[in-house]
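If you want the building blocks of each chain, they are given just below.
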Amino acid sequence: MTTVSLTVNGKAVSANIDPRTLLVQFLRENLRLTGTHVGCDTSQCGACLVHIDGKAVKACTTLAVSVDGAAITTIEGLAQDGKLHPMQEAFREHHGLQCGFCTPGMIMSAVDMVNRRGHELDEKTIREDLDGNICRCTGYHNIVKAIAAGAEAMGKAGVTTRQAAE
Amino acid sequence: MSATGIGAAVRRKEDHRFITGQGRYTDDVNRPGQAQAYFLRSPHAHAKIKSIDTKAAAAMPGVLGIFTGADLAADKIGGLICGWMIHNKDGSPMRAGAHPALAQGRVRYVGDHVAVVVAETLAQAKDAAEAIVVDYQELSAVVETAKAAGAKTVIHDEAPDNTVFNWHLGDKDATDKAFKAAKHVTKLDLVNNRLVPNAMEPRAAVGDYDAGEGIFTLYTTSQNPHVARLVLSAFIGIAPENKLRVIAPDVGGGFGSKIFIYAEETVCVWAAKKVGRPVKWTADRTEAFLSDAHGRDHVTHAELATDADGKILALKVHTTANLGAYLSTFSSSVPTYLYAPLLSGQYDIPAIYCEVDAVYTNTAPVDAYRGAGRPEATFVVERLIEVTARQLGKDPAKFRLQNYIRKFPHQTPVIMAYDTGNYAASLKKALEIIDYKGIGKRKRDSARAGKLRGIGFSSYIEACGIAPSAAVGSLGAGVGLWESAEVRVNPIGTVEVLTGSHSHGQGHETTFAQLVSDRLGIPIDNVSIIHGDTDKVQMGMGTYGSRSGAVGMSAIYKAIDKVIAKGKKVAAYVLEADEADIDFADGNFTVKGTDRKLDFGSCALQAYVAHKFNGQELEPGLKEGAFYDPTNFTFPAGVHICELEIDPQTGVTKIDRWAAVDDFGVVINPMIVEGQVHGGIAQGVGQALLEGARYNSDGQLVTASFMDYTMPRADDLPSFDVGMTVTPCPSNPLGIKGCGEAGAIASPPAVINAITDALGHEDIAMPATPQAVWRAAQKSISRLAAE
Ligand code: FES
Ligand code: FES
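Conventions adopted
- Residues numbered from 1 in each chain as written.
- Chains lettered and ligands numbered in written order.
- Predicted model: local features only at pLDDT ≥ 70, side-chain atom pairs only at ≥ 80, totals over all residues.
- Heavy atoms only, no water.
- Contact = heavy atoms within 4.5 Å.
- Buried area = accessible area lost by both parts, 1.4 Å probe.
- Salt bridge = Lys/Arg side-chain N within 4 Å of Asp/Glu carboxyl O.
- Polar contact = N/O pair within 3.5 Å; in protein donor to acceptor, adjacent residues only side chain to side chain.
- Helix = DSSP H or I, 4+ residues; strand = E, 2+ residues; numbered from the N terminus.
- Buried < 20%, exposed > 50% of the residue type's maximum accessible area, 1.4 Å probe, protein only.
- Domains from an automatic or database assignment.
- Nonpolar A, V, L, I, M, F, W, Y, C, P; charged D, E, K, R; others polar.
- Core = buried A, V, L, I, M, F, W, Y, C linked by side-chain atoms within 4.5 Å.
- Pairing = 2+ DSSP bridges.
- Axes fitted to C-alpha atoms, helices over the stretch in contact; angles between N-to-C directions.
- 1 Å grid on protein atoms, 1.4 Å probe; cavity = no way out; pocket = protein on both sides within 12 Å on 5 of 7 lines; lining within 4 Å.
- Points joined across faces, edges and corners; volume = space filled by probe spheres on them.
- Phe/Tyr/Trp six-rings, centres within 6.5 Å; stacked < 30°, edge-to-face > 60°.
- Lys NZ or Arg CZ within 6 Å of the ring centre and 35° of its normal.

On the chain A side, the residues contacting the 54 residues of chain B number 45 residues. A combined buried area of about 4100 Å² lies between chain B and chain A, and 54% of that area is made up of carbon and sulfur atoms. Looking only at chain B, the three residues that lose the most surface to chain A are B:I19, B:M200 and B:R713, adding up to 18% of its buried area. Between the two partners, chain B and chain A, sit four salt bridges. A:R28 is the partner of B:D28 in a salt bridge, and the nearest nitrogen-oxygen pair spans 2.7 Å. At the junction of chain B and chain A, the tally comes to 26 residue pairs in polar contact (both at pLDDT 80 or more).

Pasting the structure below:
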């Protein structure tokens with residue numbers, strides 16, 4: 001067993017864990033933050049995507065001990081003071097989800113995309129950049145629309161992307 | 001139309017929990033004291049189990065129990081069932097082998113369930129599973145669909161030539177006669193590639209047993225929790241229905257694969273009592289690939305006969321359908337009654353004859369996957385139509401138009417009586433959206449850039465609203481396919497609707513509430529939709545076959561009728577008027593010709609306080625239930641056109657435009673309906689271009705992860721132009737036809753027709769991967785050079 005100390009959604013957490021514990025297991029099982037999902041075992045689907053120190057990382061292929069000391073944001077930590085993040089709003093407004101299973105990863109990935117590529121995202125950019133996330137329900141059509149709108153809304157809201165996310 | 005009523009693009013009520021990470025899927029359920037299950041699976045496609053030694057494993061840390069087929073048998077736990085009896089041509093019943101939840105001396109596919117280990121942690125369960133010693137005697141494997149019948153190896157003794165049934169539909173003599181008189185015959189050999197459904201949420205189960213009450217609870221990823229309970233109770237024998245609660249909470253996509261009752265949930269709920277602890281199992285993706293029921297896998301020879309003018313005379317089809325190693329819950333119905341009755345497509349075809357041989361192989365069971373039989377039928381029909389048009393030198397749109405059914409109702413030669421439709425209207429609209437007139441120029445532009453452009457059509461029809469119980473009963477179904485609803489009005493006028501339908505992405509919590517809001521004239525926020533728990537909701541049949549709108553909402557509609565009727569009685573007392581003089585509209589009960597009225601909420605309160613009437617004459621309360629059994633299938637239909645460009649240097653196919661015009665009858669929420677179309681098209685494009693489950697000759701699944709099985713990603717797809725035409729369905733009160741499967745049914749032939757148009761070939765197999773397209777393109781180029 002090993003001790004790991006992290007900040008998760010702004011709260012300090014510390015736990016004694018089996019060193020082989022994956023970050024996604026740590027979040028889901030130890031912290032009961034079940035919004036982060038597991039959709040595959042080959043790091044392909046992005047259902048597990050969280051932000052580690054402001055960058056998108058797949059939590060299914062990250063050992064919890066390897067991110068000791070880091071600040072993690074999960075889908076549960078994206079809304080601030082009860083107010084939805086603009087990207088969350090955009091997914092609802094544009095029907096960017098159906099079963100909702102890929103959605104947390106999609107939204108975290110989308111916020112990261114805006115962080116990296118700015119507020120004006122065209123369809124081609126979004127589609128290419130979304131390569132690490134699989135959705136089986138939506139055919140991506142409305143996810144693409146939601147991300148474009150969410151990116152713009154993040155710009156308009158004047159929140160710098162990183163502040164909005166972390 | 002009100003802002004939240006029928007026809008409005010209401011934003012989804014369920015979304016808040018999903019976008020904030022508060023969805024509650026089965027793997028999110030954790031019961032106090034919960035242990036973990038891990039299934040030891042067969043590494044061989046086919047083997048005898050000589051012995052299983054669990055002794056060393058049982059002594060390993062954390063292990064609570066290890067169970068095999070012998071333990072299930074000792075507890076008289078029955079095998080998994082197939083709920084649809086198909087009869088052979090000679091009238092004899094299909095030949096089905098047993099399907100034990102844990103192997104009984106024999107394994108029949110890679111991933112077959114050998115034993116389960118229940119331990120404190122998953123890691124401990126996995127470690128212990130590695131220590132189980134199984135002595136296998138390997139047998140040769142039967143893998144290929146076309147070669148299974150008559151193979152030396154026999155998979156089930158009950159089916160000595162590996163054939164489950166030889167079935168047929170239609171009039172053979174009439175069809176043969178029509179072929180003799182034909183001027184032109186088109187022949188095609190087609191493979192409908194095997195697919196893995198891959199809902200993003202893997203299957204999962206949590207079994208729990210309350211020893212005090214003797215009650216089992218199963219949380220499971222199911223599209224139909226009541227059907228699961230029925231099967232687990234009546235056939236498998238876990239416990240009587242009143243002692244077994246099945247909960248399907250949020251379910252992360254199903255596409256058919258979560259209809260079926262699988263080994264894992266059966267074993268988890270049973271094992272919970274054995275070990276005296278809740279037992280959880282969640283598939284990893286590789287287990288999902290190995291053990292979820294797969295889809296499609298047909299090998300078909302088909303012929304279409306036309307006269308000198310291009311009028312279709314007859315269709316003849318022979319299909320071999322692979323059902324895998326065991327018969328899954330509804331597997332036998334898919335290549336039969338969900339397939340052959342759709343072979344008339346949108347066309348007036350006087351004679352049709354279809355033969356289907358279903359075979360066992362040493363592969364995962366095959367069952368319904370989005371569209372289930374109907375995509376396979378549409379692929380046969382639309383490929384034949386396209387190739388025939390080309391061979392006759394006719395424009396594919398005009399050739400379709402020439403042969404469309406125009407008069408309704410229309411009785412096809414293969415069971416179905418189409419009630420209504422306007423196929424020409426959908427075609428016209430789709431041609432406009434895609435700008436068919438400009439295709440010549442666009443092809444030339446592509447050619448100048450060194451690319452090959454093609455356009456492909458698909459005029460599909462499906463039979464949804466599954467299904468009239470008497471009809472399916474006569475065809476072999478073991479259940480009726482009605483739906484139930486209960487509308488509970490609370491004393492202050494808020495409403496809970498309990499439905500037997502199950503939502504796993506379809507947005508029922510919104511669309512069903514729209515119906516209630518619309519009809520009762522109350523705010524949509526005052527309506528809650530409850531589903532997925534057998535303790536809360538009366539018996540229902542669940543969600544598949546695009547049935548929840550046409551059948552599930554019709555049940556709600558009927559229950560609302562009864563609520564309004566009861567409300568009128570209450571209002572008559574309160575307003576001191578004759579019941580016959582009470583009207584109900586816009587949320588108010590009124591007395592004809594007066595200004596006296598009672599709003600819906602006040603009526604509910606009056607129904608519960610019962611001060612204004614004698615409770616002997618009129619029962620207090622306002623709650624009504626209904627069962628709705630449809631009188632016919634519904635027939636959504638439409639036209640999809642795919643336009644694409646191929647780079648002959650790389651073989652990469654880029655879909656450039658997609659026009660979809662569908663007639664779903666009355667649409668409750670166009671936003672949600674369009675979303676269903678988008679998702680369906682993506683799955684169909686996946687089948688046409690990317691996806692294919694492959695077993696090697698030893699029966700090893702070589703596409704068992706997202707590294708090897710290509711799922712459609714965002715940059716594989718275009719945005720879609722979705723339009724609609726509407727002919728209301730006459731057989732249900734709302735006029736709904738259903739929309740869930742259309743995209744997956746329509747799209748594969750549209751893509752293949754477009755690729756073959758671009759390449760100038762008659763056929764290319766699915767999936768048309770870049771490698772396959774590149775090879776075909778080289779042939780086109782050398783042919784063009786020679787010409
Ligand atoms: S679960 Fe992490 S990428 Fe699929
Ligand atoms: S919404 Fe179901 S997987 Fe994306």
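With that settled, consider unusual backbone geometry. The omega torsion across B:I466 and B:A467 is -5°, close enough to zero to call that bond cis. A cis geometry characterises the amide bond from B:M766 onward to B:P767, with omega recorded as -10°. Structurally, B:P767 is set in the loop between helix 18 (742–759) and helix 19 (770–786). Positive phi values are uncommon outside glycine, yet A:Y140 reaches one of about 70°. On the secondary structure map, A:Y140 appears in the loop between helix 4 (123–129) and helix 5 (141–156). If you check the backbone angles, B:D435 has positive phi at about 60° while not being a glycine. Locating B:D435 in the fold gives a position in the loop between helix 11 (423–434) and helix 12 (439–448). Residue class for B:D435 comes out partly exposed when judged on its relative accessible area of 35%.

This brings us to the domain arrangement of chain A. All names here are of chain A. Segmentation of chain A into domains returns domain 1 (2–77) and domain 2 (86–157). Of note, the centres of domain 1 and domain 2, computed from C-alpha atoms alone, are 21 Å apart. The interface of domain 1 with domain 2 comprises 17 residues on the first partner and 14 residues on the second. Buried surface at the junction of domain 1 and domain 2, both sides included, amounts to about 1200 Å², of which 62% is carbon and sulfur. At the boundary of domain 1 with domain 2, the tally comes to zero salt bridges. For the pair domain 1 and domain 2, the interface holds seven residue pairs in polar contact (both at pLDDT 80 or more). Looking at the side of domain 1 that touches domain 2 residue by residue, the class counts come to six nonpolar, nine polar and two charged.

Formed by 218 residues in total, the largest nonpolar core has its most connected members in A:F91, A:I147, B:L343, B:W658, B:V751 and B:I755. In terms of residues, this core owes the most to one element, helix 18 of chain B, which gives 10 residues. In contact with B:W658, not counting residues within four places along its chain, are B:I434, B:H640, B:I641, B:C642, B:I681, B:V685, B:F720, B:D721, B:S747, B:A750 and B:V751. Formed by 49 residues, the second largest nonpolar core is a distinct cluster that contains B:A555, B:L575, B:I582 and B:F600.

Okay, the sheet that holds strand 11 (residues 244–247) of chain B next. All names here are of chain B. Strand order across the open sheet formed by seven strands is 3-5-1-12-9-10-11, with mixed pairing between neighbours. Both outer strands of the open sheet, strand 3 (63–68) and strand 11, are each paired with one neighbouring strand and no more. Taken over all neighbouring pairs, the strand axes of this sheet differ in orientation by 20° on average, direction set aside. Of the pairings in the sheet, the one linking strand 10 (residues 215–220) to strand 11 comprises four bridges and is parallel in character. Counterpart to Y219 in the pairing with strand 11 is I247. Contacts from helix 6 (residues 225–236) reach strand 10 and strand 11, with the element oriented near 145° to strand 11. Along the sheet, helix 7 (residues 263–275) contacts strand 1 (35–41), strand 3, strand 5 (113–119), strand 9 (204–210), strand 10, strand 11 and strand 12 (279–282); its crossing angle with strand 9, the most-contacted strand, is approximately 30°.

Residue and element names in this part refer to chain B. Taken domain by domain, chain B consists of domain 1 (27–139 + 216–253 + 258–272), domain 2 (298–466 + 632–786) and domain 3 (482–628). The interface is formed by 17 residues belonging to domain 1 together with 14 residues belonging to domain 3. Overall, the association of domain 1 and domain 3 removes approximately 1400 Å² of surface from exposure, summing both partners, and the carbon and sulfur fraction of that is 55%. Three residues, Q223, H226 and R245, lead the burial of domain 1 against domain 3; their summed loss comes to 45% of the area buried on that side. Put simply, domain 1 and domain 3 have two salt bridges between them. Between D533 and R245 there is a salt bridge, with the nearest N and O atoms lying 2.6 Å from each other.

What follows is about the pattern of salt bridges. Residue and element names in this part refer to chain B. As enumerated under the stated definition, the model contains 54 salt bridges over all chains in all. In this structure, K172 and D176 form a salt bridge, with 3.1 Å as the shortest nitrogen-oxygen distance. On the criterion of helical spacing, the pair formed by K172 and D176 is a turn pair, its members being four residues apart in helix 5 (residues 172–180). A relative accessible area of 40% places K172 in the partly exposed class.

Turning our eyes to something else, we now look at the layout of surface pockets. Its volume calculated, the largest pocket comes out at about 1300 Å³. The set of elements that each furnish at least two residues to the lining of the largest pocket consists of strand 2 (11–17) and helix 1 (23–30) of chain A together with strand 1, helix 4 (122–130), strand 12 and helix 8 (285–291) of chain B. The element contributing the most residues to the lining of the largest pocket is helix 1 of chain A, with five residues. The class makeup of the residues in the lining of the largest pocket is 16 nonpolar, 14 polar and 16 charged. Taken together, 20 residues line the second largest pocket, and the ones lying closest to its centre are B:V191, B:N193, B:R194, B:A693 and B:R694. Of the residues that constitute the lining of the second largest pocket, the class distribution is nine nonpolar, seven polar and four charged.

Now for the environment of B:Q391. Residue and element names in this part refer to chain B. Its location among the elements puts Q391 in helix 9 (residues 374–392). Once the C-alpha coordinates of Q391 and M94 are considered, the two residues, 297 residues apart in sequence, prove to be 39 Å apart. Contacts of Q391, omitting those with residues within four sequence positions, involve H184, V185, T186 and E762. In terms of polar contacts, Q391 uses its side chain to reach the side chain of E762, at 3.0 Å.

What follows covers empty space enclosed by the protein. Residue and element names in this part refer to chain B. Scanning the entire structure with this criterion turns up eight cavities of 30 Å³ or more. In this model, the second largest cavity occupies a volume close to 120 Å³. For the second largest cavity, the lining is made up of 16 residues, of which L80, H99, Y262, A263 and P365 are closest to its centre. Considered class by class, the residues forming the lining of the second largest cavity number nine nonpolar, five polar and two charged. When residues of the lining of the second largest cavity are assigned to domains, at least three map to each of domain 1 (27–139 + 216–253 + 258–272) and domain 2 (298–466 + 632–786).

Another aspect to go through is the sheet that holds strand 2 (residues 47–53) of chain B. Strands in a sheet are paired, the pairing made by backbone hydrogen bonds, and the direction either parallel or antiparallel. All names here are of chain B. Here we have three strands laid out as an open sheet, ordered 4-2-6, and antiparallel in their pairing. Of all strands in the sheet, those with a lone pairing partner are strand 4 (106–107) and strand 6 (133–138), marking the two edges. Bridging between strand 2 and strand 4 involves two bridges; their strand directions are antiparallel. Within strand 4, the position partnered with K48 by the bridge is R106.

Turning our eyes to something else, we now look at the packing of aromatic side chains. All names here are of chain B. Using the criterion set out here, one finds 21 aromatic pairs over all chains in the structure. Ring geometry for F584 against F589: centres 4.4 Å apart, planes inclined by 40°, an arrangement best described as tilted. Grouping residues by exposure puts F584 and F589 together as buried. Clustering of aromatic rings is evident, with ring pairs tying together Y347, Y404, F408 and Y423. Above the plane of the ring of F179 lies K316, whose end atom (NZ or CZ) is 4.3 Å from the centre.

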